[in-house]
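What follows is the residue order along each chain.
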Amino acid sequence: EGSMLKLKKITTTNLNFLLKFTIGEYSNDLFRYGEATDRNRSVELATKEIMNLVPRGIDTPNQFIYRVKDDHQTVGWLWHQLVEQGKTGFLLYIFINQEFRRRGLGEKLLKLFEKEAADQGANELILYVFIDNVPAVKMYQKHGYFIVKEAGFYDATKSTRYKMTKKLISAS
């Protein structure tokens, strides 16, 4: 249980797998949470939004995409970007593979993201989370993130996501 998580820079092969995977997950969420009116549209929206983040693949500037390993295997993925002239770390995707859940790895990974963003010079963190994803909202709140606004994206007729932020206290 005391295993160390390590962030590994991804390869193009990893990225292609991850893009397919995240588009699948995200399109399900867009449909489930009412931001897309039908399945085809949810896939179209998810594909466009995610592919636009990496126009130059793994060489796209300010995108940090990692395979998360414990001692011997991949347990998840972490993807964030730096925005606002590098002052803000934007958490795009934090994922623990099904069989490794319920062991506190999500929280460990969140801490790694915070350290990574701080080391890169960020003084604030932001993320969007689906309002109905209660366990995630609770985890972020427990770690000092505050809800700053509610928003509905795409075809939503009501608010579907929280924008949450956390200020980083600089070590200097």
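Residues numbered from 1 in each chain as written. Predicted model: local features only at pLDDT ≥ 70, side-chain atom pairs only at ≥ 80, totals over all residues. Heavy atoms only, no water.

Some details on the pattern of salt bridges
Any two side chains of opposite charge can pair if their charged atoms end up close together. The following threshold applies: The salt bridge definition used is simple: a Lys or Arg side-chain nitrogen within 4 Å of an Asp or Glu carboxyl oxygen. Secondary structure follows DSSP: runs of H or I at least 4 residues long count as helices, runs of E at least 2 residues long count as strands, and numbering of each begins at the N terminus. Any residue under 20% of the maximum accessible area for its type is buried, any over 50% is exposed, and the rest in between are partly exposed; the area is computed with a 1.4 Å probe on protein chains only.
Counted under the stated rule, the structure contains 7 salt bridges. Salt-bridge contacts for Arg-161 lead to Glu-35; the nearest nitrogen and oxygen are separated by 2.6 Å. Of this pair, Arg-161 sits in strand β7 (residues 161–167) while Glu-35 sits in the loop between α1 (12–32) and α2 (39–51), and the two are 126 residues apart along the sequence. Using a relative accessible area of 8% as the deciding quantity, one classes Arg-161 as buried. Judged by its relative accessible area of 0%, Glu-35 is buried.

Some remarks on the sheet that holds strand β6 (residues 146–151)
Our working rule: By the convention used here, strands pair only if DSSP detects at least 2 bridges between them. Here, axes are lines fitted to C-alpha atoms. For helices the fit covers the stretch in contact, and angles between N-to-C directions go from 0 to 180 degrees. Contacts are assigned to residue pairs that have any heavy atoms within 4.5 Å of one another.
As summarised here, the arrangement of the 7 strands in space is β1-β2-β3-β4-β5-β7-β6, forming an open sheet in which the pairing is mixed. Where the open sheet ends on each side, the last strands, each with one partner, are β1 (6–9) and β6. Strand after strand, the sheet turns through a mean of 30° between neighbouring axes, direction not considered. Taken together, the 7 bridges between strand β2 (residues 63–69) and strand β3 (residues 74–83) define a ladder with antiparallel strand orientation. Among the inter-strand pairings, Arg-67 is bridged to a residue of β3, identified as Trp-77. Contacting β4 (88–96), β5 (124–130), β6 and β7, helix α4 (residues 134–142) runs over the sheet at an angle of about 160° to β5.

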